[in-house]
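# Reading the structure
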Amino acid sequence: MLEPASDAVVPAETNTPVGSGTDTTAADTTDAGRPDTQGSAEAAGSSSARRRKAAKLAPTHQAIFDSYVDSRVNSRHWDSHGVNLIPALWPALRARIARDRKSSGNSNLGLGHYLDVALRSVQLDTDYLIGLHDKLHAERMGDVPKGKKTTLSLSPAARKNADALLELLEAADFARKGKDVASAIVLNLLRTLEKEGPLPKPEVPPLL
């Protein structure tokens with residue numbers, strides 16, 4: 001924040017007796033006419049602080065922007081990876097992405113960014129993963145359909161977590177439940193995004 005100039009000359013106070021005939025109008029006019037640089041700077045600083053506060057994104061919104069930027073900057077490290085989900089989740093994801101593209105003004109958001117966020121942020125704990133499976137089955141009253149698989153470009157971190165997730169499930173004799181666990185993870189992501197609201201437009205800093 002710019003500090004107000006400190007070399008302004010302020011007229012010295014005088015103890016001129018009332019009725020002495022000395023004209024003090026000029027001094028008063030100078031004070032009134034001088035721009036309030038300190039007040040302007042404080043107002044500008046307050047406005048900047050408000051903008052910074054408003055610009056703070058919800059955690060999952062921030063994660064989506066981070067994934068998108070990473071996919072553009074480090075695209076050479078992103079690679080294809082198969083993802084198997086309950087069929088109903090794919091149109092739900094596409095509908096969410098369509099809304100986020102509109103609200104954020106970013107038409108390049110894709111399925112890979114959302115799956116990347118879901119897999120990057122997953123908690124790699126066997127009991128937690130099995131708990132996700134059980135909760136999903138309880139919600140669906142045990143009726144969880146077969147999966148629908150597609151291949152998406154994901155970051156190294158997401159691919160590593162996806163492989164680690166399957167290894168944990170296999171070690172727990174839960175290897176055939178990977179689709180259900182992945183579906184629960186994506187479902188949680190969609191529910192979190194609903195709570196956070198529309199994806200806002202990112203604030204891109206000025207070049208100079």
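Provided above is the structure to which this section pertains.
The following refers to the structure shown. The structure displayed is predicted, hence computed values, not measured ones. (Residues numbered from 1 in each chain as written. Predicted model: local features only at pLDDT ≥ 70, side-chain atom pairs only at ≥ 80, totals over all residues. Heavy atoms only, no water.)

### What about helix α6 (residues 126–139)?
Under the 1.5 Å per step criterion, the end-to-end length of α6 is 20 Å for 14 residues, consistent within 8% with the ideal 20 Å. For α6, the full list of buried residues reads Leu129, Ile130, Leu132, His133 and Leu136. Looking straight down α6, one finds that the buried residues subtend no more than 150° of arc, so they occupy a single side. Away from its buried face by more than 90 degrees, α6 exposes Asp127, Lys135 and Ala138. In the core, the buried residues of α6 are packed alongside α7 (156–171) and α8 (178–196). Its side-chain oxygen at 3.3 Å from the backbone nitrogen of Asp127, Asp125 defines the N-terminal cap of α6. (Helix = DSSP H or I, 4+ residues; strand = E, 2+ residues; numbered from the N terminus. Expected span 1.5 Å × (residues − 1). Buried < 20%, exposed > 50% of the residue type's maximum accessible area, 1.4 Å probe, protein only. Arc of directions from axis to C-beta. Contact = heavy atoms within 4.5 Å. Polar contact = N/O pair within 3.5 Å; in protein donor to acceptor, adjacent residues only side chain to side chain.)

### Quick notes on the nonpolar core
By size, the foremost hydrophobic cluster in this structure holds 40 residues, and its most contacted members are Leu85, Trp90, Leu93, Tyr114, Leu115 and Val186. Elements with a contribution of two residues or more to this core: α3 (59–73), β1 (79–85), α4 (89–104), α5 (111–120), α6, β2 (148–154), α7 and α8. In terms of residue count, the dominant contributor to this core is α8 (nine residues). Those residues within four positions of Trp90 in sequence are excluded, and the remaining contacts are Val83, Leu85, Leu111, Leu115, Lys148, Thr150 and Leu152. (Core = buried A, V, L, I, M, F, W, Y, C linked by side-chain atoms within 4.5 Å.)

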